[in-house]
Amino acid sequence: MSNLLQTSHLRLDNVTKKFGRVNAVDHVTLDIQRGSFATLLGPSGCGKTTLLRMIAGFYEPDEGGIYVDDQRVDRMPPHKRGTAMVFQDYALWPHMTVFDNIAYGLKMQKVGKQEIMQRVNETMKLVEMAAEMLQRRPSQLSGGQQQRVALARALITQPKVLLLDEPLSNLDAKLRVHMR
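Here's what I pulled together on the structure shown here. A quick note: this is a predicted structure, and the numbers were derived from the prediction, not measured.

Each value, and the rule that gives it
- Residues numbered from 1 in each chain as written.
- Predicted model: local features only at pLDDT ≥ 70, side-chain atom pairs only at ≥ 80, totals over all residues.
- Heavy atoms only, no water.
- Helix = DSSP H or I, 4+ residues; strand = E, 2+ residues; numbered from the N terminus.
- Buried < 20%, exposed > 50% of the residue type's maximum accessible area, 1.4 Å probe, protein only.
- Contact = heavy atoms within 4.5 Å.
- Core = buried A, V, L, I, M, F, W, Y, C linked by side-chain atoms within 4.5 Å.
- Pairing = 2+ DSSP bridges.
- Axes fitted to C-alpha atoms, helices over the stretch in contact; angles between N-to-C directions.
- 1 Å grid on protein atoms, 1.4 Å probe; cavity = no way out; pocket = protein on both sides within 12 Å on 5 of 7 lines; lining within 4 Å.
- Points joined across faces, edges and corners; volume = space filled by probe spheres on them.

### Description of the overall build of the protein chain
Here's step 1: In terms of helices and strands, the protein chain carries 6 helices and 6 strands.
Here's step 2: If you list the helices and strands of the protein chain from N to C, you get α-β-β-α-β-β-β-α-α-α-β-α.
Here's step 3: When burial is assessed residue by residue, the protein chain has 42% of its 180 residues classed as buried.
Here's step 4: In the protein chain, the share of contacts with a sequence separation of at least 24, taken over all contacts with a separation of at least 6, comes to 62%.

Following this line, the structure appears as structure tokens:
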């Protein structure tokens, strides 16, 4: 068996995060293989979102290490980790159009305009949104449409690790199954 198949794609090694005296995440060790889909289950307030935010780079662990493809990433800035996160509250920029929200990551990666257009259109089809939505602002969209824009924004960068914090909760049952 090759080394690539033997190593974890995402590995958390004894990761801990404290807020004051509260242990939000307490010595979590986890190995997720490439191509796997893993789910964190637990009651509200148990640290699921905190753990995702540490993997994404929005919080630093107090202890332990986070690795993507055996490269330690917990000391890297978020944009260099190869991760993308869809937040529970979507985190769309209200002053930007749908197009600009979705294309943002590609613009930061300095992708050319033609490729951005192509990838935005492909991603819109993937999340089942019409091209006419591209010039709207988030406030002009339903909750389900906003959620799909947030998902499209994460998917378009083709991240190594896609982190989803309850991203499908506002979609109807049929669309939820399709998006999965």
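There is more to say after this.
### Quick word on the nonpolar core
Here's step 1: If you look at the biggest cluster of nonpolar residues, it comprises 24 residues, and the most contacted ones within it are Val 98, Ile 102, Ile 116, Val 120, Met 124 and Val 149.
Here's step 2: Listed by contribution, the elements that provide at least two residues to this core are β5 (83–86), α3 (98–108), α4 (113–126) and α5 (143–155).
Here's step 3: For Ile 116, the residues in contact, after removing those within four places along its chain, are Phe 99, Ala 103, Leu 106, Lys 107 and Val 111.

### Here's the deal with the sheet that holds strand β2 (residues 22–32)
Within a sheet, adjacent strands bond to each other through the backbone by hydrogen bonds, running parallel or antiparallel.
Here's step 1: The 4 strands lie next to each other as β2-β1-β3-β4, forming an open sheet whose pairing is antiparallel. Edge positions in the sheet fall to β2 and β4 (71–72), since each has one partner strand and no second.
Here's step 2: Against the sheet, helix α2 (residues 48–56) touches β1 (10–19), β2 and β3 (63–68), its axis set at about 120° to β1.

### Points about the layout of surface pockets
Here's step 1: Of the volumes computed, that of the second largest pocket is approximately 640 Å³.
Here's step 2: If you go around the second largest pocket, you meet 24 residues; those closest to its centre are His 79, Thr 83, Ala 84, Gly 105 and Thr 157.
Here's step 3: Of the residues forming the lining of the second largest pocket, the biggest block, 4 residues, is contributed by β5.

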